[in-house]
Amino acid sequence: MAAPRAETPKPFIQFEGGNLQMKAESLHIMTTSRTSMKVSCLEFTRVWIPDQDEVWKAAEITRDYKEGDLVLHLQLEDGTPLEYQVGPKSNALPFLRNPDILVGENDLTALSYLHEPAVLHNLRVRFLESNNIYTYCGIVLVAINPYEQLQIYGEEVITAYNGQNMGDMDPHIFAVAEEAYKQMIRDEKNQSIIVSGESGAGKTVSAKYAMRYFATVGGSSSDANVEEKVLASNPIMEAIGNAKTTRNDNSSRFGKYIQIVFSKHYHIIGANMRTYLLEKSRVVFQAEDERNYHIFYQLCASASLPEFKELSLMSAEDFTYTSLGENIFIDGVNDAEDLKKTREAFTLLGIKESSQSGIFKIMASILHLGNVEIISERDGESCHVGRNNVHLQHFCRLLGVELKQMDHWLCHRKLATASETYVKTMSSKQANNARDALAKHIYARLFDWIVGHINKALQTSSKQHSFIGVLDIYGFETFEVNSFEQFCINYANEKLQQQFNSHVFKLEQDEYMKENIPWTLIDFYDNQPCIDLIEARLGILDLLDEECKVPKGTDQNWAQKLYKQHASSAHFQKPRMSNTSFIIIHFADK
């Protein structure tokens, strides 16, 4: 019998709050349309006005305003008077402030005025004055990353939230998890929790806490310790899929959807994990002050262990693929100790010592491959590997491939036609690109193999009754250099935001309309035009596919096609100083 269809996901929005002057674009939450003043407003009305430094500033109207006036007479909180220009050719009328009695509410929907400055101010007050990182917005939980460990996730807290209704206690990730667990039991429907937000907002940690909650309240009835195995997948996936970025010391560089499977008695009996968009480019390139995947540094930090002698490892500083970011350490992190936890997790999940040894051999071989020096010949059209390259020897020994063959094919490529096969030389640039492509491919295949074995360890022979899914996917990203991977990540986030809009606004408003509840329709942001720009016919992906099929297709040709096709799109821009780049205007940023 087919598993029951999952209920519409429960959104959980994660925000980054390291900067206390939280900027509007960092908040992935859509609110009601602009609540402006009426055409006449009285003296002492309190408002929000835009500010370049603080985003929004509080002010008070000092003179009555009448329709048609072009100036609002305001006074800022520090007593400074301000003549604020309004009208069709200047600023719109400012947002109204909420009464003080409502500020700090634990549910944003309780505010009289629900707009951007009201949301930001309420979150800021709760975060700074009450030390609350969680706030509800109806069925959505909003979280601010405090960038420190808080003592609010212990067993006693789980016990306190177990069995409680959402809203009866303070907002918490455990309240969302309990609601999903309770609705699964009560309605006999599968549930999903979506953890969404920008890069560095703390999504992965929140997903781990949700999984811990399910593992505790839905502990297995047998001695199989299934819930321990579910949690053991975390250190492994963090080792092979997480890395230090400029935003986050432990950033997930892949997306994952974990289904936690329950029996008819609602005990955990297994789990299954699907992964998305592994950032393969990180294997061969890291920006300044970033690191490669944690597992490489864990291995290098443990190079002196007797069982790792055959890997011929050195310090991470001495390998090209681990030193490009020029900072191999993370404050407060002991890579050697973390490897012990990774190995313990492998063992708990039933991955044999021989398989673990094979994993580490492949990881080490990738590091050695990055140190293989390819030297250009004088003609510039061919190249060769430096004589007696010790790293190529280690690579071939660890993977069991023939040294002579590897030496040859690193610098040559084979072209097959209908009638003949040609072997052509490559320039040193082409050969280096091919070497890096090989490293990325090996790592991606190993990553998939490990995920497959984790799933084998977590699968159950018992009959599945229901599941709760936890989606922890990339947050929106924008860097100095945005590659195809950032494009895919932000495309995925655009689709996720559409799901969020549909669930929180469109479907909810449809219910109001069906039940004839008096209601003013909310004018929410529709990101379908941006999605069409990417995925529709003659969109960005369509034109990319076309250029890839053209003999000698180039970035320049593709860019010119994009400029011609999408010049009129409100979501597409051509940079002034480039003919090979383009800008997409996403819901979160450019």
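Residues numbered from 1 in each chain as written. Predicted model: local features only at pLDDT ≥ 70, side-chain atom pairs only at ≥ 80, totals over all residues. Heavy atoms only, no water.

If you look the chain up in an unreviewed UniProt entry, it shows as Unconventional myosin-Vb from Ameca splendens. Recorded under Sequence similarities (unreviewed entry), the UniProt text for the chain is reproduced unchanged: "Belongs to the TRAFAC class myosin-kinesin ATPase superfamily. Myosin family." (UniProt positions renumbered as here; feature names shortened; annotations may be inferred.)

A.B. asks: Which parts of the structure should I look at to understand the overall build of the chain?
C.D. replies: Summing up its helical and strand segments, the chain has 16 helices and 20 strands in all. Taking 590 residues into account, the globule formula puts the C-alpha radius of gyration at 25 Å, and the chain, at 28 Å, falls close to it. Reported as C-alpha extents along the three principal axes, the dimensions of the chain are approximately 85 × 65 × 50 Å. Looking at the chain as a whole, 48% of its 590 residues qualify as buried. Of all intrachain contacts in the chain linking residues separated by at least 6 positions in sequence, the fraction that spans at least 24 positions is 63%. About 30000 Å² of surface is accessible on the chain, with carbon and sulfur atoms providing 49% of the total. Taken as two groups, the 59 positive and 77 negative side-chain charges of the chain have centres that lie 7 Å from each other. (Helix = DSSP H or I, 4+ residues; strand = E, 2+ residues; numbered from the N terminus. Rg over C-alpha atoms; globule rule 2.2 N^0.38 Å. Buried < 20%, exposed > 50% of the residue type's maximum accessible area, 1.4 Å probe, protein only. Contact = heavy atoms within 4.5 Å. Areas by Shrake-Rupley, 256 points an atom, 1.4 Å probe, with all protein chains shown as cover. Lys, Arg positive; Asp, Glu negative; His and termini not counted. Charge placed at Lys NZ, Arg CZ, Asp CG, Glu CD.)

A.B. asks: What exactly am I supposed to notice about the layout of surface pockets here?
C.D. replies: Roughly 790 Å³ of internal volume is contained in the second largest pocket. Forming the boundary of the second largest pocket are 27 residues, of which Asn482, Ser483, Phe484, Phe487 and Phe582 lie nearest the centre. For the lining of the second largest pocket, the elements supplying multiple residues, two or more each, are helix H13 (484-514), helix H15 (540-549), helix H16 (555-566) and strand S20 (583-584). A per-class count over the lining of the second largest pocket returns twelve nonpolar, ten polar and five charged. (1 Å grid on protein atoms, 1.4 Å probe; cavity = no way out; pocket = protein on both sides within 12 Å on 5 of 7 lines; lining within 4 Å. Points joined across faces, edges and corners; volume = space filled by probe spheres on them. Nonpolar A, V, L, I, M, F, W, Y, C, P; charged D, E, K, R; others polar.)

A.B. asks: What am I meant to see in the side chain of Glu290 here?
C.D. replies: Structurally, Glu290 is set in the loop between strand S13 (268-276) and helix H6 (294-301). Taking the relative accessible area as the measure of exposure, Glu290 reaches 5% and is therefore buried. Of note is the side chain of Glu290, whose polar atom sits 3.2 Å from the backbone nitrogen of Thr246. Within polar-contact distance, the side chain of Glu290 engages the side chain of Arg282 at 3.0 Å. Contacts of Glu290, omitting those with residues within four sequence positions, involve Lys244, Thr245, Thr246, Arg282, Gly325 and Asn327. (Polar contact = N/O pair within 3.5 Å; in protein donor to acceptor, adjacent residues only side chain to side chain.)

A.B. asks: Even after reading the chapter, I still don't get the UniProt feature "binding site: ATP" (unreviewed entry) in the chain, so can you show me in this structure?
C.D. replies: Mapped onto this numbering, the UniProt entry gives "binding site: ATP" (unreviewed entry) at Gly197, Glu198, Ser199, Gly200, Ala201, Gly202, Lys203 and Thr204. Tracing the backbone through its elements, the reader meets Gly197 in strand S9 (residues 191-197). In this structure Gly197 comes out as buried when scored by relative accessible area, which is 0%. By secondary structure assignment, the location of Glu198 is in the loop between S9 and helix H4 (203-217).

A.B. asks: Can you help me understand empty space enclosed by the protein in this one?
C.D. replies: Which parts of space are left empty comes out when a probe the size of a water molecule is rolled across the atoms. All told, the structure shown has three cavities of 30 Å³ or more when counted by the stated rule. For the second largest cavity, the calculated volume is near 50 Å³. Lining the second largest cavity, in full, are Trp48, Arg97, Asn98, Val103, Leu111, Ala118, His121 and Asn122. Ranked by the residues each element gives to the lining of the second largest cavity, the list is headed by helix H1 (residues 116-129), at three residues. Partitioning the lining of the second largest cavity into residue classes produces four nonpolar, three polar and one charged.

A.B. asks: Sorry, what's going on with the sheet that holds strand S6 (residues 95-96) here?
C.D. replies: Each strand in a sheet pairs with its neighbour through backbone hydrogen bonds, running either in the same direction (parallel) or in the opposite one (antiparallel). Taken in spatial order, the five strands line up as S5-S4-S3-S2-S6 in an open sheet, and their pairing is antiparallel. Across the chains shown, the open sheet's two edge strands, defined by having one partner strand only, are strand S5 (81-85) and S6. Of the pairings in the sheet, the one linking strand S2 (residues 46-51) to strand S3 (residues 55-61) comprises six bridges and is antiparallel in character. Following the sheet pairing, Val47 is matched in S3 by Ala59. Of the strands in this sheet, S2, S3 and S6 touch H1, which is tilted by about 105° from S3. (Pairing = 2+ DSSP bridges. Axes fitted to C-alpha atoms, helices over the stretch in contact; angles between N-to-C directions.)

A.B. asks: Explanation requested: the pattern of salt bridges in the structure shown.
C.D. replies: Opposite charge on two side chains lets them pair, provided their charged atoms get close. Summed over all chains, the structure comprises 23 salt bridges. The closest approach of N and O atoms between Lys57 and Asp51, which form a salt bridge, is 3.8 Å. Salt-bridge contacts for Glu546 lead to Lys561; the nearest nitrogen and oxygen are separated by 3.1 Å. With Glu546 in helix H15 and Lys561 in helix H16, the pair connects residues that are 15 residues apart, well separated along the chain. Linked through salt bridges whose partners overlap, the residues forming this network are Arg253, Glu279, Arg282, Glu290 and Glu477. (Salt bridge = Lys/Arg side-chain N within 4 Å of Asp/Glu carboxyl O.)

A.B. asks: When you look at the pairing of strand S17 (residues 421-425) in this model, what are you seeing that I'm missing?
C.D. replies: In regular strands, side chains alternate between the two faces of the sheet. Sheet analysis places strand S16 (residues 412-416) next to S17, joined by five bridges and oriented antiparallel. For His412, the partnering residue across the bridge sits in S17 and is Thr425. From the end of S16 to the start of S17, which pair antiparallel, there are four residues.

A.B. asks: Looking at this model, I keep getting lost on H16. Mind explaining?
C.D. replies: An α-helix turns once per 3.6 residues; consequently, residues spaced three or four apart project the same way. Compared with the 16 Å implied by 1.5 Å per residue over twelve residues, the 16 Å span of H16 between its first and last C-alpha is a close match. All of the buried residues along H16 are Trp558, Ala559, Leu562, Tyr563 and His566. The arc that holds the buried residues of H16, viewed along the axis, is 140°, so those residues lie on one side. Structurally, H16 contributes buried residues whose contacts are with helix H14 (528-535), H15 and strand S19 (572-573). (Expected span 1.5 Å × (residues − 1). Arc of directions from axis to C-beta.)

A.B. asks: What am I meant to see in the state of the cysteines here?
C.D. replies: Evaluated as defined, the whole model comprises zero disulfides. Of the cysteine sulfurs around Cys396, a residue in no disulfide, the closest is that of Cys411, at 12 Å. Sulfur of Cys548: no disulfide; nearest cysteine sulfur belongs to Cys488 and is 12 Å away. (Disulfide = S-S within 2.5 Å.)

A.B. asks: Teacher, can you tell me more about unusual backbone geometry here?
C.D. replies: When glycine is set aside, most residues are seen to have a negative phi, and most peptide bonds are trans. Phi angles above zero are rare outside glycine, and Val55 is one such case at about 75°. Here Val55 is to be found in strand S3. Judged by its relative accessible area of 13%, Val55 is buried.

A.B. asks: Explain the nonpolar core here, please?
C.D. replies: In a soluble, globular protein the nonpolar side chains are often hidden away together inside. If you look at the biggest cluster of nonpolar residues, it comprises 112 residues, and the most contacted ones within it are Phe174, Phe214, Ile295, Phe296, Phe360, Met363 and Tyr443. Here this core takes eleven residues from helix H12 (residues 428-458), the largest share from any one element. Sequence-distant contacts of Met363, defined by excluding residues within four places in its chain, comprise Ile240, Ile295, Phe296, Leu299, Tyr443 and Leu446. One finds Ile534, Ile540, Leu562 and Phe572 within the second-largest nonpolar core, a separate group that totals 15 residues. (Core = buried A, V, L, I, M, F, W, Y, C linked by side-chain atoms within 4.5 Å.)

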